Amino acid sequence: MYGYWGKLLRVNLTSRACRIDDIPEETFDLLLGGSALGAKILLEETPAKVDPLSPENKLIFAVGPFQGVKFPGNGKWSVITKGPLTGTFLESAGTGHWAPYFKQCGIDAVVFEGRADSPVYVFIKDGGAEIRDAAFLWGKDTIETGELIKEDLGDRRINALNIGPAGERMHPIACISCDGHSFAGRGGAGAVMGSKNLKAVAAWGTMEVPVHDPEKAAEFAKETFRLLSGQGEKFRAHGTPRVIVPLEGIGDTPIKYWRGDENKRGAALLGAPRYTEYLNVKPLPCINCPIGCHRHIRFEYPDGTVLEGNGPEYETIGMMGSNLLVEDLGAVAKANDMANRLGIDTISCGAWIGFLMECWEYGWITPRDTGGLSLKWGDPDVLLALVEQIGTMTGMGGWFREGIRGAARHIGGEAEKITVEVKNMDYPAHDPRAVYALGVNYAVGTRGACHERGNPQTSALGGYFPELGQDGPYDRQTPEFAAKTAVIHQDVSVLMNCMTICQFMMGGGGLTLTEIRTAYRYLTGKDVPVEELVKFGERAWQLQRIINVRDGLDRKDDTLPLKMTVPAMVGPRAGKTPTPHDRILDDYYELRGWDRNGIPTRERLESLGLGRFAAFLP
Amino acid sequence: MAVTIRLLGLFRQYGPPEPWVVPAGERSIGELLAEMEEKAHAGYIPIVNGERKSKAYVPEEGDEIKIMPLVTGG
Ligand code: SF4
């Protein structure tokens, strides 16, 4: 087999035993790797309704075939588990410098089982792994942990996926950090690591992945790198903060916890090009990345302190800036740094702060609840104080132990009506009233409201797939196009998470499905037409849905928050709502081959080669 | 002798939102859009009659050109 090792490393943390199992070639032919491979393992090896923080839950890291050569964007890895925030299937993905070295250890995936009796970290190397004591790392933040592991292993080249203090405390939005600038951010995969007493997973391999046509594969990777580097030049200059202004311009960016209609001034102050100059930005690329969308910033505060390191991305600026009416970019950068070090998801953290500010505005919480803090919209000091409390689960942060639904129950009254989430996962920084496909995309999201699986907001920026027969992006505010747009973007973005290539190679660098097909052929010797390639994305999606359906989820869980049914009074989305949600959901289920209750049909599963997984359906 | 160029998504905030007519066989797409690219701080891919082309492509009579911005927001 080419492009893969066909090997799965199992690390049992309870018995501290490691073992390597075979993965048959047919599995890769059906599922590719990454997200889909992890979903299959989770479905087959964990019982229904497994407690995400119990030793019985499994934690899987997986990559795909593209780590065999220096292909652009192959710093991507996927982590798959049951998520503590939603209780559903969870896949989260990060980039950085870890994935290719992990693959070069001679494995395609690793499964962590059980729970260590004391803190450990695992060092994966050529053909195996070593479980090492992590007492000296416990309590350290994500940046310190990465540095200390380099020292402990005596090699500065070695990178480790790791958790911060939030993950150790099993925080429901704890993320997994890679290199301090890339995160598997959403849904609490870091808490699952913490529940297993697993502080970090370092990897350093030197084995050469078997590749079908190594010369052509390497040459094509080089050519594609050059092409994307040229095409992505402008995106490199300003990164994701570039889209703050245009997305506010179409009503996509959250304002005042989804109640504001326009925020032109805030967008101009927070977004690029101002961001680039104000924070002294340099691009910060992951391994084998021709773009470098991540931002390295150096900012001196009025008190003389300097913040140097990873800068906030679009989502963080959206949720911690515009969403809260905070216009102070220095404060957003500081809040981002605090959250990254503690190891929490900046999206949910920003959403929770917005929710608290709204509760304060309505008088549902008072100075007695807040320790005297006035939760005023736009106050940068409140932002910083609440990031601290949420990250450490102290003060008001303690209300969120079960996510936003738990906090709303704690506050009581009408609070549950103002939350903006699906399956307990907070909306990210894109508004379905601006792009209707987002409403259904979030509703059916296998891990809750997610803008990366798929990412129909890119259609509003002009992105579409000519190779899949589209002759332009579908209209973003026509209900009839919503389900169709969601499906096509889901299939492509989930495909990327099975291939494990950074999605920005497409949207930011112009990588095509045809180029992916060519590279895949050189890597594996298998030629798969583009229409078939996207079916890999659909297979992964169906498997993930089966996991959730097995746990009792169905149509009742595919919801649209109340606020999304309230149109703006003025501005670019005045009078617009992604409704009727029920009808859009019907369209979506039909396109996916699900019944009216959102359950995948046996026929559809069989047509995708997934017939045997129907046995997991109730 | 004319060609239509349709700007998509982000670029519509920086140029004509309706299809825009340019003469065929004269300037490359890169030359035609240089100013807008600077203003928009965003790159793009020209899609000519459904196929991706480079910016060096010089439009021919009857071409239908769509400009897909290369920018994304996570
Ligand atoms: S585009 Fe951004 S996220 Fe993707 S590999 Fe490059 S730096 Fe990392």
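About the thresholds
- Residues numbered from 1 in each chain as written.
- Chains lettered and ligands numbered in written order.
- Predicted model: local features only at pLDDT ≥ 70, side-chain atom pairs only at ≥ 80, totals over all residues.
- Heavy atoms only, no water.
- Core = buried A, V, L, I, M, F, W, Y, C linked by side-chain atoms within 4.5 Å.
- Buried < 20%, exposed > 50% of the residue type's maximum accessible area, 1.4 Å probe, protein only.
- Helix = DSSP H or I, 4+ residues; strand = E, 2+ residues; numbered from the N terminus.
- Contact = heavy atoms within 4.5 Å.
- Buried area = accessible area lost by both parts, 1.4 Å probe.
- Salt bridge = Lys/Arg side-chain N within 4 Å of Asp/Glu carboxyl O.
- Pairing = 2+ DSSP bridges.
- Axes fitted to C-alpha atoms, helices over the stretch in contact; angles between N-to-C directions.
- Parallel < 35°, antiparallel > 145°, perpendicular 65-115°, else oblique.
- Left-handed = near helix turned anticlockwise from the far one by under 90°.
- Nonpolar A, V, L, I, M, F, W, Y, C, P; charged D, E, K, R; others polar.
- Phe/Tyr/Trp six-rings, centres within 6.5 Å; stacked < 30°, edge-to-face > 60°.

- In the annotation of an unreviewed UniProt entry, the entry for chain B reads MoaD/ThiS family protein, and the organism field reads bioreactor metagenome.

## Some thoughts on the nonpolar core
The nonpolar side chains of soluble globular proteins are, as a tendency, buried together.
All names here are of chain A.
Then, in step 1: Counting residues in hydrophobic clusters, the biggest one holds 177 residues, and the most contacted among them are Phe-355, Leu-356 and Tyr-588.
Then, in step 2: The element best represented in this core is helix α21 (residues 479-499), accounting for 11 residues.
Then, in step 3: Once you skip the residues sitting within four places of it in the chain, Phe-355 turns out to touch Tyr-257, Phe-400, Ile-404, Ala-407, Ala-408, Ile-411, Ala-415, Ile-418 and Thr-419.
Then, in step 4: In this structure, Leu-9, Val-11, Trp-77 and Ile-107 belong to the second largest nonpolar core, which totals 31 residues.

## So, the interface of chain B and chain A
Then, in step 1: At the junction of the two partners, chain B supplies 23 residues and chain A supplies 33 residues.
Then, in step 2: Buried surface at the junction of chain B and chain A, both sides included, amounts to about 2200 Å², of which 59% is carbon and sulfur.
Then, in step 3: For the chain B face of the interface with chain A, the top three residues by lost area are His-41, Thr-72 and Gly-74 of chain B, together amounting to 30%.
Then, in step 4: Counting the contacts that link chain B with chain A gives 2 salt bridges.

## Looking at the sheet that holds strand β8 (residues 128-133) of chain A
All names here are of chain A.
Then, in step 1: The mixed open sheet is built from 6 strands, whose spatial order is β8-β7-β12-β9-β10-β11. This sheet does not close on itself; its edge strands, each paired only once, are β8 and β11 (182-184). Taking each pair of neighbouring strands and ignoring which way they run, the sheet shows an average axis angle of 20°.
Then, in step 2: Across 3 bridges, strand β10 (residues 176-178) lies against β11 in antiparallel orientation. Opposite Cys-178, over in β11, you have Ser-182 as the bridge partner.
Then, in step 3: With respect to the sheet, helix α4 (residues 142-153) is in contact with β7 (120-125), β8, β9 (159-162), β10 and β12 (198-204), its orientation differing from that of β9 by roughly 140°.

## Observations regarding the packing of helix α2 (residues 34-45) of chain A against helix α24 (residues 530-550) of chain A
Residues and elements named next belong to chain A.
Then, in step 1: Close contact between α2 and α24 brings their axes to 9 Å; oriented N to C, the two are set at 30°. Here α2 is positioned roughly parallel relative to α24, judged by the angle of their axes. Judged by the sense of rotation from one axis to the other, the crossing of α2 with α24 is left-handed. Residue-level inspection shows Ser-35, Ala-36, Ala-39, Lys-40, Leu-42 and Leu-43 of α2 in contact with α24, the latter providing Ala-540, Leu-543, Gln-544, Ile-546, Ile-547 and Arg-550.
Then, in step 2: For the contact of α2 with α24, the per-class residue count stands at 8 nonpolar, 2 polar and 2 charged.

## Considering the packing of aromatic side chains
All names here are of chain A.
Then, in step 1: What the rule picks out here adds up to 23 aromatic pairs over all chains.
Then, in step 2: Each ring, one from Tyr-101 and one from Trp-204, has its centre 4.2 Å from the other, and the planes form 25°; the classification is stacked. Here Trp-204 lies in strand β12 and Tyr-101 lies in helix α3 (residues 99-103), a separation of 103 residues in the sequence.
Then, in step 3: By relative accessible area, which is 15% here, Trp-204 ends up buried.

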